[in-house]
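Here are the chains, one letter per residue:
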Amino acid sequence: KAGVTQTPRYLIKTRGQQVTLSCSPISGHRSVSWYQQTPGQGLQFLFEYFSETQRNKGNFPGRFSGRQFSNSRSEMNVSTLELGDSALYLCASSLDQPQTGELFFGEGSRLTVL
Amino acid sequence: GENVEQHPSTLSVQEGDSAVIKCTYSDSASNYFPWYKQELGKRPQLIIDIRSNVGEKKDQRIAVTLNKTAKHFSLHITETQPEDSAVYFCAALGGSTGGFKTIFGAGTRLFVKA
């Protein structure tokens, strides 16, 4: 079974631009979560989608948005990029069961904002 | 909001010694507590987890303990080896059928010196 796939793996943008990141979950996984990883800050929760609906949202500004498609693939968008948005963005999929919440992570998209 | 605190941020041990990482969580509704290991340049991967109805769980050299009353949980690694060197994240999963959210600690960078 293929793992979680994220594209692109690396990208460089300049301040003010916008970026879209893509995530394909493991087949059969309907829950997709997004995390921002920066040194010293760990994994900060951005949002979680299930069946095309955003169910949970972290404490990020409205410049960060996402969506999920009917095939469970998800995208996240960051508009009006700032230098502080430079980070590794990780997507994780799960079976969405209360008894086990194991997250399966992709390799991430490393965004550099210049 | 929900919060998970993790200590220490950095831990250096001699090969063969034990390592202990401690976490506290704020959401009393949390019921699943996973630990993830992230090696340099790789994705986080689940190494052990514990559910709220269990106080301790062991898997070879690693063990996790949970004190729900105090909202504490800990990771214990015995007989550490150089390949244990990585960043370890604790996490807490809470929520309901309306959506689950995994909140991570800031991570502990473990160095095992040969």
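Now for a description of the structure that goes with this document. As the structure is a prediction and not an experimental result, all values here were calculated from the model.

That bond from threonine 7 of chain A to proline 8 of chain A is cis: its omega, -10 degrees, falls within 30 degrees of zero. Position of proline 8 of chain A relative to the elements: it lies in the loop between strand E1 (5-7) and strand E2 (10-13). Following histidine 7 of chain B, the chain continues into proline 8 of chain B via a peptide bond in cis, with omega recorded as -5 degrees. Here proline 8 of chain B shows up in the loop between strand E1 (4-7) and strand E2 (10-14). Backbone geometry at serine 51 of chain A places phi at a positive 50 degrees, although glycine is not the residue there.

Let us look at the sheet that holds strand E8 (residues 72-77) of chain B. Residues and elements named next belong to chain B. Strands sit in the order E1-E3-E8-E7-E6 across an open sheet of 5 strands; the sheet is antiparallel. Each edge of the open sheet is held by one strand with a lone partner, namely E1 and strand E6 (56-59). The sheet shows a mean angle of 15 degrees between the axes of neighbouring strands, direction not considered. Of the pairings in the sheet, the one linking E1 to strand E3 (residues 19-25) comprises 4 bridges and is antiparallel in character. When the bridges of E3 are listed, valine 4 appears paired with tyrosine 25.

Parameters at a glance
Position numbers for residues start from 1 in each chain and track the written sequence from start to end. Naming scheme: in the order in which they are written, chains are lettered from A and ligands are numbered from 1. Totals for whole chains, interfaces and linings use all residues, but because this is a predicted model, local features are given only for residues with pLDDT of at least 70 and pairs of side-chain atoms are given and counted only at 80 or more. Calculated side-chain values reflect all of the structure's heavy atoms, with hydrogen atoms and water omitted. Only DSSP runs of H or I covering at least 4 residues are called helices, and only runs of E covering at least 2 are called strands; the numbering of each starts at the N terminus. If DSSP finds at least two bridges between two strands, the strands pair. Lines fitted to C-alpha atoms define the axes here, with helix axes fitted over just the stretch in contact, and angles between the N-to-C directions of these axes take values from 0 to 180 degrees.

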